[in-house]
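# Coordinate analysis (summary)
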Amino acid sequence: MIENFKTIEHNNCEEIVEKKSRFIANLIYIESEEEAQNKIKEIKKKYYDARHNCYAYRVIEEENIIQRSSDDGEPSGTAGAPMLNILEKNNIVNVLVIVTRYFGGILLGTGGLVKAYSEATLKSIQNNNFIEKQLGYKVKILFPYTHMQKIEYFLKNNNISILNKEFLDNVIIFAELSKDDYKEIIEKFQKNVTRNLEIKIEKETFISKKAIE
């Protein structure tokens, strides 16, 4: 079972020019193969007049890493495979990279294509930050309005990520906790804040642990 992995902090777009051909690399965070395919369609629509939209992705589904690549009309093995190899070597998952090529009129040859697609992919990765994701819980915290200030202060001081809030008969806060922190935080909550609250695990999910320089 996969309990942690490395991914990108944000989407970004970088470009290189090789012998008058433009190579535009879009690096995109994804959470499913379906999402990857939808993003590929979006990029192909955006760059509808480009010669090629080559891609590679690695994504976790049902505790396995699924990876795919496409040369999209370039000579076999000159685009998608080198791009996928870079994602593998950097141990990055839940990421899609699409490199769009606008042909500049000069043939690059197989070696030149591998170099160009690899450089565009590397540039997009180098101009991003990595985040470590680990298995944790999305929790639901329900409490009276009178405890609002104290609970928010506690969550902030313990670096607990708040996802959103709902204000009904009581306050509901949805937050993320790592598995390691869950038991300790619950005990500290009840000891130092209040016992007059309800905490439920909504689901098991991957949460952001820290940024990696």
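Conventions used here
Residues numbered from 1 in each chain as written. Predicted model: local features only at pLDDT ≥ 70, side-chain atom pairs only at ≥ 80, totals over all residues. Heavy atoms only, no water. Pairing = 2+ DSSP bridges. Helix = DSSP H or I, 4+ residues; strand = E, 2+ residues; numbered from the N terminus. Axes fitted to C-alpha atoms, helices over the stretch in contact; angles between N-to-C directions. Contact = heavy atoms within 4.5 Å. Phe/Tyr/Trp six-rings, centres within 6.5 Å; stacked < 30°, edge-to-face > 60°. Lys NZ or Arg CZ within 6 Å of the ring centre and 35° of its normal. Polar contact = N/O pair within 3.5 Å; in protein donor to acceptor, adjacent residues only side chain to side chain. 1 Å grid on protein atoms, 1.4 Å probe; cavity = no way out; pocket = protein on both sides within 12 Å on 5 of 7 lines; lining within 4 Å. Points joined across faces, edges and corners; volume = space filled by probe spheres on them. pLDDT = per-residue confidence, 0-100. Salt bridge = Lys/Arg side-chain N within 4 Å of Asp/Glu carboxyl O. Core = buried A, V, L, I, M, F, W, Y, C linked by side-chain atoms within 4.5 Å. Buried < 20%, exposed > 50% of the residue type's maximum accessible area, 1.4 Å probe, protein only. Nonpolar A, V, L, I, M, F, W, Y, C, P; charged D, E, K, R; others polar.

### Thoughts on the sheet that holds strand S3 (residues 21–29)
On the basis of which strands lie adjacent, the open sheet formed by 5 strands has the order S2-S3-S6-S4-S5 and antiparallel pairing. Each having just a single partner strand, strand S2 (12–18) and strand S5 (64–70) make up the two edges of the open sheet. Within this sheet the neighbouring strands show an average axis-to-axis angle of 10°, counted without direction. Pairing geometry for strand S4 (residues 52–61) and S5, over 7 bridges, is antiparallel. Following the sheet pairing, Ala56 is matched in S5 by Ser69. Relative to S4, helix H1 (residues 33–46) is tilted by about 160°, and along the sheet it contacts S3, S4, S5 and strand S6 (95–102). This element, helix H2 (residues 80–89), spans S4, S5 and S6 of the sheet and lies at about 35° to S4.

### Side note on the packing of aromatic side chains
Following the criterion strictly, the structure yields 6 aromatic pairs and no others. Consider the rings of Phe5 and Phe206, whose centres lie 4.9 Å apart with planes at 70°: the pair is edge-to-face. Here Phe5, found in strand S1 (residues 4–8), pairs with Phe206, found in strand S10 (residues 198–212); they are 201 residues apart in sequence, far enough to count as distant. Over the ring of Phe174 we find Lys138, and its NZ or CZ is 5.2 Å from the ring centre.

### A word on the side chain of His52
Tracing the sequence through the fold places His52 in strand S4. For His52, the side chain forms a polar contact with the main-chain oxygen of Asp72, separated by 2.8 Å. In this structure, His52 is in contact with Asp72, Gly73, Glu74, Val99, Thr100, Arg101 and Tyr117, ignoring residues within four places of it in sequence.

### Looking at empty space enclosed by the protein
One pass over the structure, following the stated rule, counts 1 cavity of 30 Å³ or more. Taken as a whole, the largest cavity encloses approximately 30 Å³ of empty space. What lines the largest cavity is Val139, Ile141, Ile160, Leu177, Ile185, Ile186, Phe189 and Ile199. When residues of the lining of the largest cavity are traced back to their parent elements, those giving at least two are strand S7 (130–143) and helix H5 (179–192).

### Some words on the confidence of the model for the protein
Interpreting fine coordinate detail is not advised for predicted regions of low pLDDT. A residue-level look at the protein finds 98% of positions with pLDDT of 70 or above and a mean pLDDT of 90. For the protein, the element scoring lowest by mean pLDDT is S10, at 78; S6 scores highest, at 98.

### With respect to the pattern of salt bridges
As a working rule, side chains carrying opposite charge can pair if their charged atoms are close by. In total, this model carries 10 salt bridges according to the counting rule given. Two residues, Glu119 and Lys115, come together in a salt bridge whose shortest N-O distance is 3.0 Å. Residue Glu119 and its partner Lys115 are located together in helix H3 (residues 109–126), separated by 4 residues, close to a single helical turn. Between Lys165 and Glu152 there is a salt bridge whose closest N-O contact spans 2.3 Å. On the criterion of sequence distance, the pair formed by Lys165 in strand S8 (residues 161–167) and Glu152 in helix H4 (residues 148–157) is long-range, its members being 13 residues apart. Each of Glu18, Lys115 and Glu119 takes part in a single network of salt bridges with overlapping partners.

### Some remarks on the nonpolar core
Nonpolar side chains in soluble globular proteins tend to end up buried together. Within the largest apolar cluster, 23 residues are counted, with the highest numbers of intra-cluster contacts made by Phe23, Met83, Val97, Val99, Tyr117 and Ile125. Secondary-structure elements contributing two or more residues to this core are S3, S4, H2, S6 and H3. If you tally residues by element for this core, the top one is H3, at 5 residues. Beyond its immediate stretch of four places on either side in the chain, Val97 contacts Asn26, Leu27, Cys54, Tyr55, Ala56, Met83, Leu87, Thr121 and Ser124. Judged by nonpolar contacts, the second largest core, of 19 residues, contains Phe143, Met148, Ile151 and Val171.

### Observations concerning the layout of surface pockets
Looking at the largest pocket, its volume works out to about 300 Å³. Secondary-structure elements contributing two or more residues to the lining of the largest pocket are S4, S7 and S10. The greatest single-element share of the lining of the largest pocket, amounting to 3 residues, is contributed by S10. Across the lining of the largest pocket, the residue classes tally to 7 nonpolar, 2 polar and 6 charged. Each pocket or cavity is described by its volume, and for the second largest pocket that value is around 250 Å³. Contributing to the lining of the second largest pocket are 14 residues, with Asn159, Ser178, Asp181, Ile207 and Ser208 lying nearest its centre. Listing elements by their share of the lining of the second largest pocket, those giving two or more residues are strand S9 (171–178), H5 and S10.

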